[in-house]
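So the chains spell out like this:
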Amino acid sequence: MGAPASAKIRVLIVDDSASVRTTLSQIISADPQLEVMATAADPYVAVERIRQEVPDVMFLDIELPRMDGLTFLRKIMSQRPIPVVICSSLAESGSETLMQALEAGAVDVVTKPRVDTAQFLQESAMRICDAAKAAAHAKVRGVKKAAPPLNVEAKLTADAVIPPLSDHRRASLIASLPTTEPIVAIGASTGGTEALREVLEALPATSPPILIVQHMPEKFTGAFAQRLNSTCAMSVKEAEDGDLVQPGRVLIALGNRHMRLVRTGPRYTVSILDGPHVSRHRPSVDVLFRSTAQAAGRNALGILLTGMGDDGARGLLEMRQMGSPTVAQDEETSVVFGMPKEAIALGAAGKVLPLGRIAAEILTFSRQRALGGVA
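- You'll find the protein entered in an unreviewed UniProt entry as Protein-glutamate methylesterase/protein-glutamine glutaminase, with Devosia albogilva given as the organism.
- The protein has a UniProt comment under Sequence similarities (unreviewed entry) that states "Belongs to the CheB family."

Written out as C-alpha cells, the structure reads:
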C-alpha cells in the first residue's frame, strides 16, 4: 500500500554494477523522504531481499546476470506487484525493450545517474528522487496508493522560457486571434505512456493535430513515438524543430528539450529548444501549454493526464483564461493523481473526465470547432 505519510519511502536497488548501486544509494539516501532498504546485484538476490521485507519502490536495471530485468519484472508483476522504476543507460538499441517494460507494468523510466559534471549529477539526482516518490504513490494493478504530499519546494515556472501575458495583452489576443483549425495539447507524466496509448489508439486518422509532452528521458521518446505510430491510425513522430502541425499528426516532445507551439499566419509549427528545467522538468508541460495559450487561444484544447507534481497546472489555467476548453483526468483512472489534482485546485480544468472519455472529448471538440462553436 506504499509508505505511510510519516515514514520514509523504502527503495530496493537492483543493478549488477557496484558503482551504480553505490551512486544510486548515495542519491536516494540524501533525500529526507527516501531510504535505501537494500541493494541486489541480480534478480535472485533481489527475491531474497523482497522475502525479508517488501520495498515501497524497486529500481531495476534491464541488463542483469542470471535473469534479464524484463523477465524479472514480468514475474514480479504477476506474483507480487510492487512499483518498479526502470533505471537504464538507455542505449538507442535498447529503447524498445524499455517500452516493453512499461507495458509490463513498470511505472517510470530514468537514466542511470550521470556523474561527469556537477550539473548532470544534480539533474540526475532530481529526476531519480522524483521518480521514486511518484512510484511510491502510484496505483499498481489496481491497488490504490495514498495521495502524494504537496510539493512546496520553490521551482522555476514557464516564465523562465515564455514570458507571461499581462491582462491587457491577454484580452487583446483573445479578441484578435482568428478561428483556425483545432489543435490539441496534452501533458502527462507517471503512468502517461499507457494513458496516451489508450487515448491515441481510439482516435481516427482524421483527428486534429496533437502535441504531447510526456516526461521521459532523451533517446526514449523516439521509440515511444515509433511504438504508437505502429498501433495508431494517426501519424505519430518525435517532434523536430520546425515540424508542421497538421491534422492526422501527433508530435511528441523530444526528451530533455522543451517544445513550444509557434504560429505564423494561419499555420502552426513547433519549436524545440533548450532552457532551464521548468516545474522540475524538461520538457515541461507548462511550456507547451503556455505557448499554446498564446499562439492558439480558444482554437486549442488542453488536456492534463496522470502524473506526480504540478507541471502543467499553471499552463492549463492560462489556456482556460485564453478561452481554451480544458480537461483534467479524474482520480479514479489516474496512476498518480498529482498533476490533474493541482490543475483542478487552481480552477484550470473546465472538465474532469475518466481516461476512457478523453478521446471522445477530443472528437467532440474537433466537431464543434468545425461548426464554429466551443467545446
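**Looking at the sheet that holds strand E8 (residues 235-238)**
Here's step 1: Across the sheet, which stays open at both edges, the 7 strands sit in the order E8-E10-E7-E6-E13-E14-E15 with parallel pairing between neighbours. Among the strands making up the open sheet, the edge pair consists of E8 and strand E15 (351-353). If you compare each strand with its neighbour and ignore which way they point, the axes differ by 20 degrees on average.
Here's step 2: Both strand E6 (residues 183-188) and strand E13 (residues 300-304) contribute to a ladder of 5 bridges, which runs parallel. Across the sheet, the residue bridging to Val184 is Leu301, located in E13.
Here's step 3: Here helix H10 (residues 313-321) sits on the sheet and contacts E13 and strand E14 (326-329); the angle it forms with E13, its principal contact strand, is near 155 degrees.

**A few points about the side chain of Glu361**
Here's step 1: Its place among the elements puts Glu361 in helix H12 (residues 358-370).
Here's step 2: Taking relative accessible area as the criterion, Glu361 reaches 9% and is therefore assigned buried.
Here's step 3: Leaving out residues up to four positions away in the same chain, Glu361 has contacts with Leu301, Val327, Lys351 and Leu353.

**Observations regarding the packing of helix H3 (residues 69-79) against helix H4 (residues 95-103)**
Each pair of packed helices can be summarised by the angle the axes make with each other and by the distance between the axes.
Here's step 1: The contact between H3 and H4 brings their axes to 10 Å, and the two run at 5 degrees. Between H3 and H4, the crossing angle belongs to the class labelled roughly parallel. For the pair H3 and H4, contact is made by Leu70, Leu73 and Arg74 and by Thr97, Gln100 and Ala101, respectively.
Here's step 2: Split by residue class, the contact of H3 with H4 holds 3 nonpolar, 2 polar and 1 charged.

**Concerning the side chain of Arg227**
Here's step 1: Its place among the elements puts Arg227 in helix H8 (residues 221-231).
Here's step 2: What makes Arg227 buried here is its relative accessible area of 17%.
Here's step 3: Here the side chain of Arg227 touches Glu103 through a polar contact of 2.3 Å, side chain to side chain.
Here's step 4: Other than its neighbours up to four places away in sequence, Arg227 contacts Glu96, Met99, Gln100 and Glu103.

Thresholds, definitions, all that
Residues numbered from 1 in each chain as written. Predicted model: local features only at pLDDT ≥ 70, side-chain atom pairs only at ≥ 80, totals over all residues. Heavy atoms only, no water. UniProt positions renumbered as here; feature names shortened; annotations may be inferred. Pairing = 2+ DSSP bridges. Helix = DSSP H or I, 4+ residues; strand = E, 2+ residues; numbered from the N terminus. Axes fitted to C-alpha atoms, helices over the stretch in contact; angles between N-to-C directions. Contact = heavy atoms within 4.5 Å. Buried < 20%, exposed > 50% of the residue type's maximum accessible area, 1.4 Å probe, protein only. Parallel < 35°, antiparallel > 145°, perpendicular 65-115°, else oblique. Nonpolar A, V, L, I, M, F, W, Y, C, P; charged D, E, K, R; others polar. Polar contact = N/O pair within 3.5 Å; in protein donor to acceptor, adjacent residues only side chain to side chain.

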